[in-house]
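This is what each chain is made of:
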Amino acid sequence: MFSDLEEKICTPDQLRPKPDNSALVFGKYFTDHMLEVSWDSKRGWAKPVISPMHNLQLHPGAKVLHYAIELFEGMKAYRGEDGCLRLFRPDKNMARMLSTAKRSSLPTFDAEEMIKCVKRLIQIDKEWVPYSTTSSLYIRPTFIATDPSLGVASPNEALLYVLLCPVGPYFTSGFKPISLMADPQYVRSWPGGCGAMKMGANYAPTIYIQKQSELLGHQQVLWLYGADHQLTEVGTMNIFLFMLNENGERELVTPPLDGLILPGVTRLSLLELAREWKEFRVVERTITMAEVIQAHEEKRLLEIFGAGTACVVCPVSSISYQGREYNIPRSEPSLSQRFLKTMSDIHYGRVQHPWAVDI
């Protein structure tokens, strides 16, 4: 319960120097404080504690280290042009975190109480929220199984904690199109698996493939699935295609939430914005590489972009697939730029919107 929150504030000599906004890279710098809430199967949840940032003490037999019983979330706080601090749709992140906790055999918690605790952590470290409309405060709630037991079973002890990081743009190149490697021999997720969950075990196996794409001169991997090479995700982002369908209608297409892809908060937000605009068709359906190639050859492909919390929106310049390089067009003005501006206006308080939650 938020009402039980205990605060241990840094002494002046414990405060860390804050980096310049120009030096911010993703996930490198951490704020002065962290939030922790421990749990065990006998006593339930302990009091939440905010304390100076510190290392964790774990038994070498802790389940998280052996069976990857772990999950995390990614969300952001923004300093608006009006000086107010805001979160973006934190209820959606908490709902996804609870869904992943259930799949990981970790205990659930009250989402509203958790959001209150996160807000208080940000209030304490508010000077770490960048005074910039190109930077933000990244929030990393993390949940790990800590009981010292090698039995493959549900954990009896766990730790829920939250870290804060001031971050600049996810891609140092800024809002520039990226090239993708699409190789069907590599699969990120499969039916009945955990592709829709935000757990660390989904990310570790992708790093080697990401490095392979970089060696070939690409920035990200376009993850395919199945014999028909369905598009699923791009890097750690959801993917969108803006195109003309065979009837000549403009259409925004993204893969469905069928268990293969993460139900991204940015993905949901872009779909809701597009449906609100009512300017083109909005469709959630399976997309294959054959369809992408056909639309490309028939000049019906208008734009491809990724979307996620870290980068918000990222356009795609090309896809390398089965020995060919497909250059992706980009309409001017682009839909991805419009989405980015609309989201940015909400994040930084240039427009009032119910998705922006005051801290």
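Criteria and cut-off values
Residues numbered from 1 in each chain as written. Predicted model: local features only at pLDDT ≥ 70, side-chain atom pairs only at ≥ 80, totals over all residues. Heavy atoms only, no water. UniProt positions renumbered as here; feature names shortened; annotations may be inferred. Helix = DSSP H or I, 4+ residues; strand = E, 2+ residues; numbered from the N terminus. Rg over C-alpha atoms; globule rule 2.2 N^0.38 Å. Buried < 20%, exposed > 50% of the residue type's maximum accessible area, 1.4 Å probe, protein only. Contact = heavy atoms within 4.5 Å. Areas by Shrake-Rupley, 256 points an atom, 1.4 Å probe, with all protein chains shown as cover. Pairing = 2+ DSSP bridges. Axes fitted to C-alpha atoms, helices over the stretch in contact; angles between N-to-C directions. Parallel < 35°, antiparallel > 145°, perpendicular 65-115°, else oblique. Left-handed = near helix turned anticlockwise from the far one by under 90°. Right-handed = clockwise from strand over helix to strand, strands pointing away. Nonpolar A, V, L, I, M, F, W, Y, C, P; charged D, E, K, R; others polar. Core = buried A, V, L, I, M, F, W, Y, C linked by side-chain atoms within 4.5 Å.

An unreviewed UniProt entry lists the chain under the name Branched-chain-amino-acid aminotransferase, from Daphnia magna. Under Sequence similarities (unreviewed entry), UniProt gives the following word-for-word description of the chain: "Belongs to the class-IV pyridoxal-phosphate-dependent aminotransferase family." Listed under Cofactor (unreviewed entry) in UniProt, the entry text for the chain is "pyridoxal 5'-phosphate".

Colleague: Hey, could you run me through the overall build of the chain in this one?
Modeller: Counting its secondary structure elements, the chain contains seven helices and 19 strands. Against the globule reference of 21 Å for 359 residues, the chain gives a C-alpha radius of gyration of 21 Å, in line with a compact fold. Along the longest, intermediate and shortest principal axes, the C-alpha atoms of the chain span 60 × 50 × 35 Å. In the chain, which comprises 359 residues, the proportion classed as buried is 53%. Partitioning the contacts of the chain with sequence separation of at least 6, the portion at a separation of at least 24 is 72%. Accessible surface, the chain as shown: approximately 16,400 Å² in total, 52% of it carbon and sulfur.

Colleague: Looking at this model, I keep getting lost on the pairing of strand β2 (residues 33–40). Mind explaining?
Modeller: Most of β2 sits inside the fold, with seven of its eight residues counted as buried. In the sheet, β2 pairs with strand β9 (residues 157–167) via six bridges, with the strands oriented antiparallel. Note on β9: the bridge partner recorded for Val 37 is Leu 160. Here β2 pairs with strand β3 (residues 44–45) via two bridges, running antiparallel. Residue pairing in the sheet places Asp 40 in a bridge with Gly 44 of β3. Here β2 folds back onto β3 in antiparallel fashion, the turn holding three residues.

Colleague: It is not clear to me how the packing of helix α2 (residues 90–103) against helix α3 (residues 111–124) should be interpreted in this structure. Could you clarify?
Modeller: A packed helix pair is summarised by two numbers, namely the angle formed by the two axes and the spacing between the axes. For the pair α2 and α3, the least separation of the axes is 10 Å and the interaxial angle reads 125°. Classified by the angle their axes make, α2 and α3 are oblique. The crossing of α2 and α3 is right-handed. Taking contact as the criterion, the partners of Pro 90, Asp 91, Met 94 and Leu 98 in α2 are, on α3, Ala 111, Met 114 and Ile 115.

Colleague: Whenever I open this one, the pairing of strand β11 (residues 220–225) confuses me. Can you help?
Modeller: Side-chain positions along a regular strand alternate between the two faces of the sheet. By the criterion of burial, β11 is predominantly enclosed, with five of the six residues buried. Judged from the two bridges that link them, strand β10 (residues 178–182) and β11 form a sheet pairing that is parallel. Across the sheet, the residue bridging to Leu 180 is Gln 220, located in β11. Following the chain from β10 across helix α4 (residues 204–215) to the adjacent parallel β11, one finds a crossover that is right-handed.

Colleague: Whenever I open this one, the environment of Met 94 confuses me. Can you help?
Modeller: Inspection of the secondary structure puts Met 94 in helix α2. The spatial distance from the C-alpha of Met 94 to the C-alpha of Pro 141 is 9.3 Å, given a sequence separation of 47 residues. Setting aside anything within four residues of it in sequence, one finds Met 94 in contact with Met 75, Phe 109, Ala 111, Met 114, Ile 115 and Pro 141.

Colleague: Is there a simple way to explain the UniProt feature "modified residue: N6-(pyridoxal phosphate)lysine" (unreviewed entry) in the chain in this structure?
Modeller: Summarizing the sequence annotation, UniProt attributes the feature "modified residue: N6-(pyridoxal phosphate)lysine" (unreviewed entry) to Lys 198 in the numbering used throughout. On the secondary structure map, Lys 198 appears in the loop between β10 and α4. Owing to a relative accessible area of 10%, Lys 198 belongs among the buried residues under this scheme. If we skip the residues at most four places from it in the chain, Lys 198 touches Leu 71, Phe 72, Glu 73, Gly 74, Arg 96, Thr 100, Tyr 203 and Leu 262.

Colleague: I keep staring at the packing of helix α5 (residues 265–277) against helix α7 (residues 335–347) and nothing clicks. Help me out?
Modeller: Between α5 and α7, the least distance of the axes is 11 Å, while the angle of their chain directions is 105°. Taken together, the axis directions place α5 and α7 in an arrangement best described as roughly perpendicular. Where α5 approaches α7, its residues Thr 266, Ser 269, Leu 270, Leu 273, Ala 274 and Trp 277 are matched on the opposing element by Leu 335, Arg 338, Phe 339, Thr 342 and Met 343. Taken together, the residues of the contact of α5 with α7 sort by class into seven nonpolar, three polar and one charged.

Colleague: Any chance you could explain the nonpolar core here in plain terms?
Modeller: One broad rule of soluble globular proteins: the nonpolar side chains tend to lie buried together. Membership of the largest hydrophobic core comes to 34 residues, with the highest contact counts inside it found for Ile 122, Ile 139 and Phe 143. Looking at this core, the elements with two or more residues in it are β2, β6 (75–79), β7 (85–88), α2, α3, β8 (136–145) and β9. If you tally residues by element for this core, the top one is α3, at six residues. In this structure, Leu 222, Leu 224, Ile 293 and Tyr 321 belong to the second largest nonpolar core, which totals 26 residues.

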